[in-house]
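Here's the letter readout for the chains.
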Amino acid sequence: MAIITTKPKGTQDLLPADSHKWQFVESVVTEEAKKSGFSMLRTPMFEHTELFLRGVGDTTDIVNKEMYTFLDKGDRSITLRPEGTAGALRAAIENGLVHEALPVRIYYLGPCFRYEKPQAGRFRQFHQFGVELLGPAGYAADCETMSLGVRILRRLGLQNVSLQINSIGCKNCRADYQAALVAYFDQHKDQLCETCIERLGKNPMRILDCKCPTCQALAKDAPTNLEYLCDDCKTEFEHVKSQLQALQIPYVINERIVRGLDYYTRTVFEFVTGELGAQSAVGGGGRYNGLVADLGGPDLPGVGFAMGMERLVMLMEKQNAPFPEKEVCEVCFIPMGEQAVQKSAVLAARLREEGFAAEYDLMGRSVKAQMKYANRIGAKYTLVLGDNELAAGQANLKDMAGGEETAVPLTEEGLLEVLYQKNIDRMFGDIAEAAEQMNSQGE
Ligand code: ATP
Ligand code: MG
């Protein structure tokens, strides 16, 4: 196929037939974030490359292999954002949010870019929803963010997504653990991939996160971090667990979770599913106590997470989780002739003002073809408008499901009155049906 009619590898078109699913997920994550006091922050889709070198870390897969980096016409090194945290913190620092009322609670939603090998659930342009909570240092904030993630998954109707947690310690205890890791991996250096040999000297914990099968096999028997935690970190992790229990949030401890960023401290977590093949993480996050200071801000602790929107939608589809229906056309006008088109336009405009979706033919098609179209879009009612109807000032509103026809006056208010009455009737019908169902369940 010609290159101009083919999308770049690893990208996706979100087609009209599916867009309501995305809008639903977007509205759920937004509503839930707002309920917890988070406000939206929108940052540029590209930043100075240095931000990600600092904010993501130069021993991560993202920085090592996955960034879309280029020189702009002013010879600046620019990178398309591979994740949301670095840009969000940069903006919070640059705009002084970190000096305003604490905690800072921000959420973001938008495209991210990583040069990865595309496969199901792994794209070069994908979309993240994420939150950052800046200010509090304690476990309560960790659990507050995790519980927001859990609530989102529940509201989307997702099943079998486990919350996996770990603590990777602090500056004080990590040194001992890193020494133990270096000692272990050093013995098996010949089996490590090239990147991991480099990580051995710089950040041995990253080896545990390597996707390379031989490194993964070695990582299985590597020393685990929980036994190296200092007393403070141990106590903190106990608090995290008991707070999750108090919130009745089930969790699993997974000591292999070290997360992608270099700057995570203490609590790290992932939302994991077994139903998306190799792409098992629907989201992940953790505490990053040194990061704000490292990006030039005050010494402010933080915690956050990000979820992959594609993976949320895919999992919902896989599990047949309920998406709300697409916006349905209330009345599809079927005009014949120019005058009827004009009348349809006027009536449709009024209906839309009142919140109803309405359409009319713009193609000059036959009544039969227009009826076929109305059927295809699932219109609730059709209204045929010809010369006779215009002359009589009255037309027949046809219920497309039941087939019955109701005579309606061809005035804006007359048509609206009938539609409101029909909607009320339908609502009472639904209530009666629900009551009957409840009664029969009670028997
Ligand atoms: P993975 O282990 O799958 O590579 P990750 O650890 O790189 O994930 P994060 O950096 O934690 O991912 O990003 C948060 C979330 O964003 C992930 O849990 C996932 O749902 C989503 N995500 C990350 N990379 C991609 C991608 N290339 N395509 C689609 N979704 C992605
Ligand atoms: Mg990755």
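Thresholds, definitions, all that
Residues numbered from 1 in each chain as written. Chains lettered and ligands numbered in written order. Predicted model: local features only at pLDDT ≥ 70, side-chain atom pairs only at ≥ 80, totals over all residues. Heavy atoms only, no water. Pairing = 2+ DSSP bridges. Helix = DSSP H or I, 4+ residues; strand = E, 2+ residues; numbered from the N terminus. Axes fitted to C-alpha atoms, helices over the stretch in contact; angles between N-to-C directions. Parallel < 35°, antiparallel > 145°, perpendicular 65-115°, else oblique. Left-handed = near helix turned anticlockwise from the far one by under 90°. Contact = heavy atoms within 4.5 Å. Nonpolar A, V, L, I, M, F, W, Y, C, P; charged D, E, K, R; others polar. Buried < 20%, exposed > 50% of the residue type's maximum accessible area, 1.4 Å probe, protein only. Arc of directions from axis to C-beta. Domains from an automatic or database assignment. Near = heavy atom within 4 Å. Polar contact = N/O pair within 3.5 Å; in protein donor to acceptor, adjacent residues only side chain to side chain. Areas by Shrake-Rupley, 256 points an atom, 1.4 Å probe, with all protein chains shown as cover. Phe/Tyr/Trp six-rings, centres within 6.5 Å; stacked < 30°, edge-to-face > 60°. Lys NZ or Arg CZ within 6 Å of the ring centre and 35° of its normal.

Enquirer: I keep staring at the sheet that holds strand β3 (residues 68-71) and nothing clicks. Help me out?
Expert: Through backbone hydrogen bonds, the strands of a sheet pair up, either in parallel or in antiparallel fashion. Taken in spatial order, the three strands make up an open sheet running β2-β4-β3, and their pairing is antiparallel. The sheet terminates laterally at β2 (46-48) and β3, the two strands that pair on one side only. In this sheet, neighbouring strand axes are inclined to one another by 30° on average, regardless of whether the strands run parallel or antiparallel. Relative to strand β4 (residues 77-80), β2 runs antiparallel, the two sharing three bridges. The partner of His-48 across the bridge, within β4, is Ile-78.

Enquirer: Can you walk me through the packing of helix α5 (residues 139-155) against helix α9 (residues 231-246) in this structure?
Expert: The geometry of a pair of packed helices is captured by two quantities: the angle between their axes and the separation between those axes. Contact geometry of α5 with α9 gives a least axis separation of 9 Å together with a crossing angle of 40°. When the axis of α5 is compared with that of α9, the two are oblique. The two elements α5 and α9 cross, and the hand of that crossing is right-handed. Residues Tyr-139, Ala-140, Asp-142, Cys-143 and Met-146 of α5 pack against Glu-236, His-239, Val-240, Gln-243 and Leu-244 of α9. Here the contact of α5 with α9 is composed, by residue class, of six nonpolar, two polar and two charged.

Enquirer: Teacher, can you tell me more about helix α8 (residues 213-220) here?
Expert: Because an α-helix completes one turn every 3.6 residues, residues spaced three or four positions apart along the sequence face the same direction. For α8, the full list of buried residues reads Cys-215, Leu-218 and Ala-219. Viewed along the axis of α8, the buried residues span an arc of 100°, placing them on a single side of the element. Along α8, exposed side chains directed more than 90 degrees from the buried face belong to Pro-213 and Lys-220. Summarising the contacts, the buried residues of α8 are in contact with α6 (171-187) and α7 (194-202).

Enquirer: In this structure, what is going on with the domain arrangement of the chain? I would like to understand it.
Expert: Often, the extent of an interface is quoted as the loss of accessible area on bringing the components together. Each domain of the chain was delimited in the assignment, giving domain 1 (16-170 + 230-318), domain 2 (173-222) and domain 3 (331-427). The distance between the C-alpha centroids of domain 1 and domain 3 comes to 48 Å.

Enquirer: Quick question: what am I supposed to make of the sheet that holds strand β7 (residues 161-167) here?
Expert: One open sheet holds the eight strands; their spatial order is β1-β5-β6-β11-β10-β9-β7-β8, and the pairing between them is mixed. Single-partner strands in this sheet number two, and they are β1 (39-40) and β8 (252-253). Relative to strand β11 (residues 302-308), strand β10 (residues 281-287) runs antiparallel, the two sharing five bridges. Following the sheet pairing, Gly-283 is matched in β11 by Met-307. With respect to the sheet, helix α4 (residues 85-94) is in contact with β5 (104-113) and β6 (125-134), its orientation differing from that of β6 by roughly 45°. Against the sheet, α5 makes contact with β5, β6, β7, β9 (265-273), β10 and β11, and its axis sits at roughly 15° relative to β11, the strand it touches most.

Enquirer: It is not clear to me how the site of ligand 1 should be interpreted in this structure. Could you clarify?
Expert: The immediate surroundings of ligand 1 are formed by 15 residues, with Arg-114, Glu-116, Arg-122, Phe-123 and Arg-259 found nearest. At a separation of 2.9 Å, an oxygen atom of ligand 1 approaches a polar side-chain atom of Arg-122. Gln-128 places a polar side-chain atom, nitrogen or oxygen, 3.0 Å from an oxygen atom of ligand 1. Expressed as a share of its isolated accessible area of 580 Å², the protein-covered part of ligand 1 is 90%. Sorting the residues of the shell around ligand 1 by element identifies β6, β10 and β11 as the ones contributing at least two each. Sorting elements by how many residues they give to the shell around ligand 1 places β10 first, with three residues. For the shell around ligand 1, a count of residues per class yields five nonpolar, four polar and six charged.

Enquirer: Looking at this structure, I do not really get the packing of aromatic side chains. What am I missing?
Expert: Given two aromatic rings, their pairing is described by the distance between the two centres and the angle made by the two planes. Enumeration over the complete set of coordinates arrives at 10 aromatic pairs. Here the aromatic rings of Tyr-177 and Tyr-228 are separated by 5.5 Å at their centres, their planes lie at 45°, and the arrangement is tilted. Taken together, the residues span a long stretch of sequence, with Tyr-177 in helix α6 and Tyr-228 in the loop between α8 and α9 at a distance of 51 residues. Owing to a relative accessible area of 2%, Tyr-177 belongs among the buried residues under this scheme. Their ring planes at 80° and their centres at 6.0 Å tell us that Phe-271 and Phe-305 sit as a pair that is edge-to-face. Linking Phe-271 in strand β9 with Phe-305 in strand β11, this pair joins segments that are 34 residues apart in sequence. Taken individually, Phe-271 and Phe-305 each receive the classification buried, so the pair is uniform in this respect. These aromatic residues form a ring-pair network of at least three members: Tyr-107, Phe-129, Phe-269, Phe-271 and Phe-305. A cation sits over an aromatic face here: Arg-124 above Tyr-115, 3.9 Å from the ring centre. Between the NZ or CZ atom of Arg-365 and the centre of the ring of Tyr-373, over which it lies, the distance is 5.1 Å.

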